[in-house]
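Residue-level listing of the chains:
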Amino acid sequence: MSEPATEELGYEQARDRLVEVVRELEAGGLSLEQSLALWEKGEKLAKVCERHLEGARERIEAALASVEDESGDGQ
């Protein structure tokens, strides 16, 4: 079974892969080309994480707004 594309990863999967990329980069011993490829992969993974976090933030804000509307405070 093949691995899902980076854009299809869940938050936890993307975060875990990003941690591995950082570890590899910090370990050193890579060529410039390998380091650049890993950095680019890390950038993509970070964007996936940001997208998931933004979606979660929007859901929380919508839920809070709904609760405020139901309470009748309107504040």
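Residues numbered from 1 in each chain as written. Predicted model: local features only at pLDDT ≥ 70, side-chain atom pairs only at ≥ 80, totals over all residues. Heavy atoms only, no water.

Focus: the overall build of the protein
When you go through the protein residue by residue, the secondary structure sums to two helices and zero strands. Against the globule reference of 11 Å for 75 residues, the protein gives a C-alpha radius of gyration of 18 Å, more extended than a compact globule. Each principal axis of the C-alpha atoms in the protein carries an extent, and together these give about 60 × 30 × 15 Å. Once local pairs closer than 6 in sequence are excluded, the contacts in the protein between residues at least 24 apart make up 60%. (Helix = DSSP H or I, 4+ residues; strand = E, 2+ residues; numbered from the N terminus. Rg over C-alpha atoms; globule rule 2.2 N^0.38 Å. Contact = heavy atoms within 4.5 Å.)

Observations concerning the nonpolar core
L9, A14, V21, L38, L45, V48 and C49 form the largest nonpolar core, which has seven residues in total. For this core, the elements supplying multiple residues, two or more each, are α1 (11–27) and α2 (32–71). For this core, the leading source of residues is α2, giving four residues. Contact partners of L38, with chain neighbours within four places excluded, come to V21, E24, L25 and L30. (Core = buried A, V, L, I, M, F, W, Y, C linked by side-chain atoms within 4.5 Å. Buried < 20%, exposed > 50% of the residue type's maximum accessible area, 1.4 Å probe, protein only.)

Description of a negative patch on the surface
Residues E33, E40, E43 and E50 make up a contiguous surface patch of negative charge. Relative to the assigned elements, E43 resides in helix α2. (Patch = residues over 30% accessible without salt bridge, like charges linked within 9 Å, V, L, I, M, F, W, Y side chains within 5 Å. Areas by Shrake-Rupley, 256 points an atom, 1.4 Å probe, with all protein chains shown as cover. Salt bridge = Lys/Arg side-chain N within 4 Å of Asp/Glu carboxyl O. Lys, Arg positive; Asp, Glu negative; His and termini not counted. Charge placed at Lys NZ, Arg CZ, Asp CG, Glu CD.)

Digging into α2
Look at α2: 58 Å from first C-alpha to last across 40 residues, which is about the 58 Å you get at 1.5 Å a residue. For α2, the set of buried residues is L38, G42, L45, V48 and C49. Residues of α2 that are buried sit in contact with α1. (Expected span 1.5 Å × (residues − 1).)

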